[in-house]
Amino acid sequence: MRSPSGLAIIITLMLLVDFYIFQGLKTVSNPVSAKAKIIIYSIFWAFSLLSIIGLIVFVNTDAQFMGKKNTNLFICRNHGFVFGKTLCSCFSGNR
């Protein structure tokens with residue numbers, strides 16, 4: 001995980017899931033106004049980018065930099081966010 005190739009693979013997988021979920025989000029938010037769409041899309045991509053930037057910072061810093069409590073909080077939040085999007089992509093089939 002701490003190797004550059006492992007990090008690139010994880011980030012690529014995260015982005016692929018993000019784009020897949022974003023397509024579903026675009027479909028669901030189709031009937032809302034243009035201003036609401038911009039807000040929804042911005043919030044989605046802000047969380048996605050924060051997750052990826054946080055992963056990069058986490059991998060490239062020492063263990064003592066954030067402390068155990070903050071490290072556990074980051075890991076739980078990031079894994080929960082990615083797991084939620086992955087679970088959503090598993091159950092969003094074409095109907």
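You'll find the structure just up there.
Given the structure is predicted, the values throughout are model-derived calculations rather than measurements.

1. Re the overall build of the protein chain
Then, number 1: Within the protein chain, the secondary structure is distributed over 3 helices and 0 strands.
Then, number 2: When the elements of the protein chain are put in sequence order from the N terminus, they spell out α-α-α.
Then, number 3: Dimensions of the protein chain, computed from the C-alpha atoms along their principal axes, are close to 50 × 25 × 20 Å.
Then, number 4: Burial analysis of the protein chain (95 residues in total) assigns 24% to the buried set.
Then, number 5: For the protein chain, contacts bridging at least 24 residues in sequence account for 62% of all contacts bridging at least 6.
Then, number 6: Carbon and sulfur atoms make up 72% of the accessible area of the protein chain, which amounts to about 6900 Å² in all.

2. Notes on the nonpolar core
Then, number 1: With 8 residues, the main nonpolar core is built from Leu7, Ile11, Met14, Ile52, Leu55, Phe58, Val59 and Phe74.
Then, number 2: Looking at this core, the elements that each hand over two or more residues are helix H1 (4-28) and helix H2 (34-59).
Then, number 3: Among the elements that make up this core, the one with the highest residue count is H2 (4 residues).

3. Comments concerning the packing of H1 against H2
Then, number 1: Packing of H1 against H2 brings their axes to within 11 Å, and their N-to-C directions diverge by 170 degrees. Taken together, the axis directions place H1 and H2 in an arrangement best described as roughly antiparallel. The residues of H2 that touch H1, namely those facing Leu7, Ile10, Ile11, Met14, Leu15, Asp18, Phe19, Ile21, Phe22, Leu25 and Lys26, are Ile40, Tyr41, Phe44, Trp45, Ser48, Ser51, Ile52, Leu55, Ile56 and Val59.
Then, number 2: Considering only residue class, the contact of H1 with H2 consists of 17 nonpolar, 2 polar and 2 charged.

What counts and what doesn't
Residues numbered from 1 in each chain as written. Predicted model: local features only at pLDDT ≥ 70, side-chain atom pairs only at ≥ 80, totals over all residues. Heavy atoms only, no water. Helix = DSSP H or I, 4+ residues; strand = E, 2+ residues; numbered from the N terminus. Buried < 20%, exposed > 50% of the residue type's maximum accessible area, 1.4 Å probe, protein only. Contact = heavy atoms within 4.5 Å. Areas by Shrake-Rupley, 256 points an atom, 1.4 Å probe, with all protein chains shown as cover. Core = buried A, V, L, I, M, F, W, Y, C linked by side-chain atoms within 4.5 Å. Axes fitted to C-alpha atoms, helices over the stretch in contact; angles between N-to-C directions. Parallel < 35°, antiparallel > 145°, perpendicular 65-115°, else oblique. Nonpolar A, V, L, I, M, F, W, Y, C, P; charged D, E, K, R; others polar.

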